[in-house]
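Observations on the three-dimensional arrangement
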Amino acid sequence: MEECVIPERVGRELTNALCGYEMNLRRDYPEGAMTCIELASALALYAYGRGLRQLGEPHSSEELLEQLRSCIHPHQNRSSLNSHTAVLAEQAHAVLKLASKPGIRSEAEKRQLTEGWLELALSCAKISVKYEADVLKQQQKQEQAALQQEMG
């Protein structure tokens, strides 16, 4: 993502991506939903990196991605895709409300906002990982059933 992206645009694009995620889930189009949720995760991760830079703690894109990956544990991510929607909406609302708060932020407020962006990026990324794991599991079941049918 380009460095010139302004915070208001990130918020707008994030809101659009999350709305697209919900819409595609309702239309039973999981691939479209995953595209939207991956975009939302990328935007939140970008905002997290921007927040770290403002705190004087710059990280490379690779470091940010590695930090995100290290927080995802697929075996602890068992709820359905639809159940994540309300949690995401709450998280997004909270972080966008804090981000749009006028005035100068204290160090603690900047850190709280930055951590909020990371949590949102993590929540979005977990959904994508869960979906991919479910697809892989389904493919394995189908392959196993086909093998059993051939043998039996």
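To be clear, the structure that these remarks concern was listed above.
Residues numbered from 1 in each chain as written. Predicted model: local features only at pLDDT ≥ 70, side-chain atom pairs only at ≥ 80, totals over all residues. Heavy atoms only, no water.

**Structural notes on the nonpolar core**
Our working definition: Here, the term nonpolar core denotes a set of buried Ala, Val, Leu, Ile, Met, Phe, Trp, Tyr and Cys residues that are joined through side-chain atoms within 4.5 Å. Under the scheme applied here, a residue whose accessible area is under 20% of the maximum for its type counts as buried, over 50% as exposed, and between as partly exposed, the area being computed with a 1.4 Å probe on protein chains only. Here a helix means four or more residues in a row that DSSP labels H or I, a strand means two or more in a row labelled E, and each is numbered from the N terminus. Residue contacts are defined here by distance: any two heavy atoms, one from each residue, within 4.5 Å place the two residues in contact.
Within the largest apolar cluster, 35 residues are counted, with the highest numbers of intra-cluster contacts made by Leu18, Tyr21, Ile37, Leu88, Trp117 and Leu120. For this core, the secondary-structure elements that each account for two or more residues are α1 (7-26), α2 (30-54), α3 (61-70), α4 (84-100) and α5 (107-151). Counting residues per element, this core draws most heavily on α2, at twelve residues. For Leu88, the contacting residues outside a window of four places in its chain are Leu18, Tyr21, Ile37, Leu120, Ser123, Cys124 and Ile127.

**With respect to the layout of surface pockets**
Stated precisely, the cut-off is as follows: Points on a 1 Å grid, built from protein atoms alone, make a cavity when a 1.4 Å probe fits but cannot get out and make a pocket when they are open with protein on both sides within 12 Å along at least 5 of 7 lines; residues with an atom within 4 Å of a point are the lining residues. Grid points are joined across faces, edges and corners, and a volume is the space filled by probe spheres set on the points. For this classification, the nonpolar set comprises Ala, Val, Leu, Ile, Met, Phe, Trp, Tyr, Cys and Pro, the charged set comprises Asp, Glu, Lys and Arg, and every other residue, Gly included, is treated as polar.
The calculated volume of the largest pocket comes to roughly 450 Å³. Pro7, Arg50, Ala99, Arg105 and Leu113 are the residues nearest the centre of the largest pocket, which is lined by 18 residues in total. Elements with a contribution of two residues or more to the lining of the largest pocket: α1, α2, α4 and α5. Looking at the lining of the largest pocket residue by residue, the classes come out as seven nonpolar, six polar and five charged.

**Structural notes on the pattern of salt bridges**
Selection rule: In the sections that follow, a salt bridge refers to a side-chain nitrogen of Lys or Arg positioned within 4 Å of a carboxyl oxygen of Asp or Glu.
Enumeration according to the criterion identifies five salt bridges in this entry. When the shortest N-O distance is used, the salt bridge between Arg111 and Glu57 registers 2.8 Å. With Arg111 in helix α5 and Glu57 in the loop between α2 and α3, the pair connects residues that are 54 residues apart, well separated along the chain. Taking the relative accessible area as the measure of exposure, Arg111 reaches 32% and is therefore partly exposed. The class of Glu57 is partly exposed, set by a relative accessible area of 29%.

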